[in-house]
Structures are given as structure tokens and as C-alpha cells.
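Each chain is listed here by its residues.
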Amino acid sequence: MLIPFSMKNCFQLLCNHKVPAAGFKATVKNGLILQSVSSDVYQNLAFEDWIHEHMTLEGKPILFFWRNTPSVVIGRHQNPWQECNLTLMREEGIKLARRRSGGGTVYHDIGNINLTFFTTKRKYDRMENLKLILRALNTIRPQLDVQATKRFDLLLDGQFKISGTASKIGRATAYHHCTLLCSTDGAFLSSLLKSPYQGIRSNATASIPSLVKNLLEKDSTLTCEELINAIAAEYAAHHQVDNHINLVDPADETLFPGVGSKAKELQTWEWIYGKTPKFSVNTSFNILDGQSHMEIKIRIDINNGRIQGCNIEAPAHWLPLEVCDKLNSSFIDSKFCPVEATLLTNILLRTCPEDRELHNKWNILCDKIKGIM
Ligand SMILES: Nc1ncnc2c1ncn2[C@@H]1O[C@H](COP(=O)(O)OC(=O)CCCC[C@@H]2CCSS2)[C@@H](O)[C@H]1O
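- As annotated in an unreviewed UniProt entry, the chain carries the name Lipoyltransferase 1, mitochondrial and comes from Echinops telfairi.
- A UniProt comment under Sequence similarities (unreviewed entry) is attached to the chain, and it reads "Belongs to the LplA family."
- The record in UniProt for the chain states the following under Pathway (unreviewed entry): "Protein modification; protein lipoylation via exogenous pathway; protein N(6)-(lipoyl)lysine from lipoate: step 2/2."

Things to note about the overall build of the chain
Thought 1: In terms of helices and strands, the chain carries 14 helices and 17 strands.
Thought 2: C-alpha atoms of the chain, sized along the principal axes, occupy 80 × 45 × 30 Å.
Thought 3: In the chain, which comprises 373 residues, the proportion classed as buried is 38%.
Thought 4: In the chain, once contacts between residues fewer than 6 apart in sequence are set aside, the share between residues at least 24 apart is 72%.

Considering the sheet that holds strand 16 (residues 292-303)
Thought 1: Strands sit in the order 13-15-16-17 across an open sheet of four strands; the sheet is antiparallel. Since the sheet does not close on itself, it has two edges, and those belong to strand 13 (200-202) and strand 17 (306-313), each with one partner. The sheet shows a mean angle of 15° between the axes of neighbouring strands, direction not considered.
Thought 2: The pairing of strand 16 with strand 17 spans seven bridges and is antiparallel. Its bridge partner being in strand 17, Asp301 is matched across the sheet by Gly309.

Remarks on the domain arrangement of the chain
Thought 1: Structurally, the chain comprises domain 1 (2-272) and domain 2 (279-370).
Thought 2: Taking only C-alpha atoms, the centre of domain 1 and the centre of domain 2 are 41 Å apart.
Thought 3: No other element matches strand 13, which puts three residues into the side of domain 1 that touches domain 2.

Here we look at the site of the ligand
Thought 1: Near the ligand you find 26 residues, and of these Gly104, Val106, Gly164, Thr179 and Ser207 are the closest.
Thought 2: Listed by contribution, the elements that provide at least two residues to the shell around the ligand are strand 6 (106-108), strand 7 (112-120), strand 10 (160-163), strand 11 (165-169) and strand 12 (173-181).
Thought 3: Here the shell around the ligand gets four residues from one element, more than from any other, and that element is strand 12.
Thought 4: Its residues assigned to classes, the shell around the ligand comprises eleven nonpolar, 13 polar and two charged.

Let's talk about the sheet that holds strand 8 (residues 146-148)
Thought 1: Spatial ordering of the open sheet is given by 8-9-10, a layout of three strands whose pairing is antiparallel. The open sheet has two edge strands, strand 8 and strand 10, and neither has a second partner. Strand-to-strand, the axes of this sheet are offset by a mean angle of 35°, without reference to chain direction.
Thought 2: Pairing analysis gives three bridges linking strand 9 (residues 154-156) to strand 10, with the strands arranged antiparallel. Residue pairing across strands places Leu156 opposite Phe160, the latter belonging to strand 10.

What to know about the packing of helix 13 (residues 338-350) against helix 14 (residues 356-370)
Thought 1: Where helix 13 contacts helix 14, the two axes come as close as 10 Å, and the packing angle between them is 165°. On the basis of the axis angle, helix 13 is roughly antiparallel to helix 14. The element helix 13 and its partner helix 14 pack so that their crossing is right-handed. Where helix 13 abuts helix 14, its residues Pro338, Ala341, Thr342, Thr345, Leu348 and Leu349 lie against His359, Trp362, Cys366, Ile369 and Lys370.

Let's talk about helix 10 (residues 259-266)
Thought 1: If you check which residues of helix 10 are buried, you get Val259, Lys262, Ala263 and Leu266. The buried residues of helix 10 occupy an angular sector of 100° when projected down its axis, which confines them to one face. Summarising the geometry of helix 10, the exposed residues directed more than 90 degrees from the buried face are Ser261 and Lys264.
Thought 2: Among the structural elements, helix 3 (41-54), strand 5 (95-98) and helix 11 (269-272) are those in contact with the buried residues of helix 10.

A short note on the environment of Leu319
Thought 1: Here Leu319 lies in the loop between strand 17 and helix 12 (321-331).
Thought 2: Remark: the alpha-carbon pair of Leu319 and Lys361, spanning 42 residues in sequence, is separated by 7.7 Å.
Thought 3: With near-sequence residues (within four places) excluded, Leu319 lies in contact with Ala314, Cys324 and Lys361.

Procedures and definitions
- Residues numbered from 1 in each chain as written.
- Predicted model: local features only at pLDDT ≥ 70, side-chain atom pairs only at ≥ 80, totals over all residues.
- UniProt positions renumbered as here; feature names shortened; annotations may be inferred.
- Helix = DSSP H or I, 4+ residues; strand = E, 2+ residues; numbered from the N terminus.
- Buried ≥ 20, exposed ≤ 12 C-beta atoms within 10 Å, placed from the backbone.
- Contact = placed C-beta atoms within 7 Å.
- Pairing = 2+ DSSP bridges.
- Axes fitted to C-alpha atoms, helices over the stretch in contact; angles between N-to-C directions.
- Domains from an automatic or database assignment.
- Near = placed C-beta within 6 Å.
- Nonpolar A, V, L, I, M, F, W, Y, C, P; charged D, E, K, R; others polar.
- Parallel < 35°, antiparallel > 145°, perpendicular 65-115°, else oblique.
- Left-handed = near helix turned anticlockwise from the far one by under 90°.
- Arc of directions from axis to C-beta.

Structure (C-alpha cells):
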């Protein structure tokens, strides 16, 4: 059962510097079950960070349920160009988020449940949490064959991934968060998590792709709500917490001061793309020149999401060397991003407004380059 109520006293009680309000002592003595009213991936990730930073959690674990509108969520040390189809994501308006925990890339939509288990570092136990989910599943659908793996995935029928895990461990507190695929758009998931970009070399964490399945595909009567309620009940029983799912607004600045600036930071280009470990792209493309094809080679080195070195090699008869050099050096220090590439191209084109043929070639070349960004 969902019970919306003012969280103020609960959070005051849970924050280490606050004096417990007597009336709420019994309610939150042993922890809390929360569910976000927001489906914004940045707000929900920011809320996780806020809890992780501001709560002591000693004897008061928290379980947080949240769902998002379509988003791709990469791990802290990943390369988005390597992990997903950014071109398709831009076309479809899919959000890209970089979380603070490590691990691989997953797709979220409203049919995917996210669960965050906040504890002290000492109580952090991913297998215990996954077993709690398994017990809840077993209670509502005993016929389902779901098992936890050594890498903390949940597999349906021994082969289909329905849950992926990641975690963040701080000095005193920790969280384990995982997904649960109930009724996600599987075709979309697969196409978004397929990178079309060739020739990337990097040491970024690579995802481990699996066959995925929704629980709903196995039992069409299941809903996210039923799953959330069952897991909440199991959590309440296991941790002796009230079996109430407290609705929480992760953007509430009065309850969670500073959470808004955290959400803002998570949306910046510098965080999402700029935190990508150093990488290079070594590729080539064919351009039609009259009747014949021409090969253009390109090597770009990227650090902090910005182009550090650029070497475009085109046949000299097609594009004079000095023009190529001008293009190469104009890219230095710019973001590895199609919007920035368009801006730069337009600035360069203004330096030779008369030369139609050059404009044409330049545009062809830049369209190809934007295609790898
Ligand atoms: N939503 C979801 N759930 C389960 N598995 C998924 C999902 N989306 C994609 N995948 C599959 O997992 C692999 C990546 O597996 P890999 O093991 O590399 O990474 C993970 O599992 C990370 C889980 C992070 C969970 C966090 C919880 C809250 S914010 S995100 C991907 O290629 C797909 O095959």
C-alpha cells in the first residue's frame, strides 16, 4: 500500500545531526521503504547520492524504488560511444545518464523497476538483497525459475537476465542498486545498447551483454506495482520496518537541501560525456567523388570528452593538404559532439564564402565526422 505523507520528520529522524521526534520514533526506528514520485533519471540518481551522503543509516536501512522514462544509464567509468547508439538516442529523445556506481550500461523505461538498498558499509550485502527479491518473487509467483548469479545478476530460466547490479561504497555508508525487468521495451533496449561506432580504442569498463527477458513475458498477469508491493513486504518483514511505501519527491529542496544542484550536475555535458576515460577513434569512410570512391582516414584522440588530436587524411587532389590541416587544428579542444562540430564547420566555411566546391566537400566530410560522434 502506498502512503504519501510528509517525510520531513522521518528524514530529520534519520539524519545523524537531528534529534528524534518522539512520535515518529516507532515508525522509522528500523528504517524506511521509499518510492519516488518522479520518473526523471537525473532526479532519482541525485536523490540516491543525497541519501548516500547525508544519512548515517546505522540500524536504519532504506529501500528506495524508482522508475524512469526511457533512459540509458552508463556506469561511472564507461564510454557512451562504445556502449550505446547515441545517434538513435538523439533521434528518439532518449536521455543518457552517467551514474556514480561502476559497472555496465542498462536501459530503463517505466517497465523497469530500480531498487536501491542503502545500508551502512558494514551491513552492505548484495546477495542478501537479491535473495530478498527472490523470496518476494517466490511468494507471488512460485512457479517462476529465477536465480542469482555470482556476478549478482538475476536470471530467469537459467539464461535470461532480468536484473543487473551495481554499487557504491563510501567511507561509512554504501548502496547496492539493481534493475528488475518487468515490462520494458525489449526491442528498443537491444537497438539502443548496440554501438554503431567503429574503431574506438579505450580502457573504459565494457558492459557484459546478456540475453534479457521481461518477467511479464513469462507471466502476463504480473505488474510493476505487484512486484514492488511484494518486495516491500519482504523487506519490511526482514528488516522489521513498517510495511508502508512512503512516496517521496526527490526534487524536494526543503527536505533534501542541495539535491537540485546534484541533479543539475548529473545533466551536464561535463559529467555525462566529459568523464569518459581517455579514448581514440581510428576509422575511415568512403566518399563518392564523381564516379569513383575515395577513402578518407581519420584518427581522433579524446580526453575529458574533448578532442586532443585530430588527423583527417583525404586524397590531396580532393582536398588540399592545407585545408585538411586547417580542419584538423580547428577541432582541437572542442567537444567530441555533433553540435560543436556543426558550429566549427560553419565558422570555417565563413572564412571562404566564395568557394562553393570547397563548401560542398567540407560539408560532406563534416557530416561523416558527425556520424561518429
Ligand atoms: N534494465 C535492465 N535490466 C537488466 N539487464 C539489462 C537491462 N538493460 C540492459 N540489460 C542487459 O545487461 C547488459 C549489461 O550488463 P552489465 O553486467 O555490464 O551491467 C549491468 O548489469 C549494470 C547494472 C546497473 C544497475 C543500476 C541500477 C540503478 S541505475 S543502473 C546489457 O548489455 C543488456 O544485455
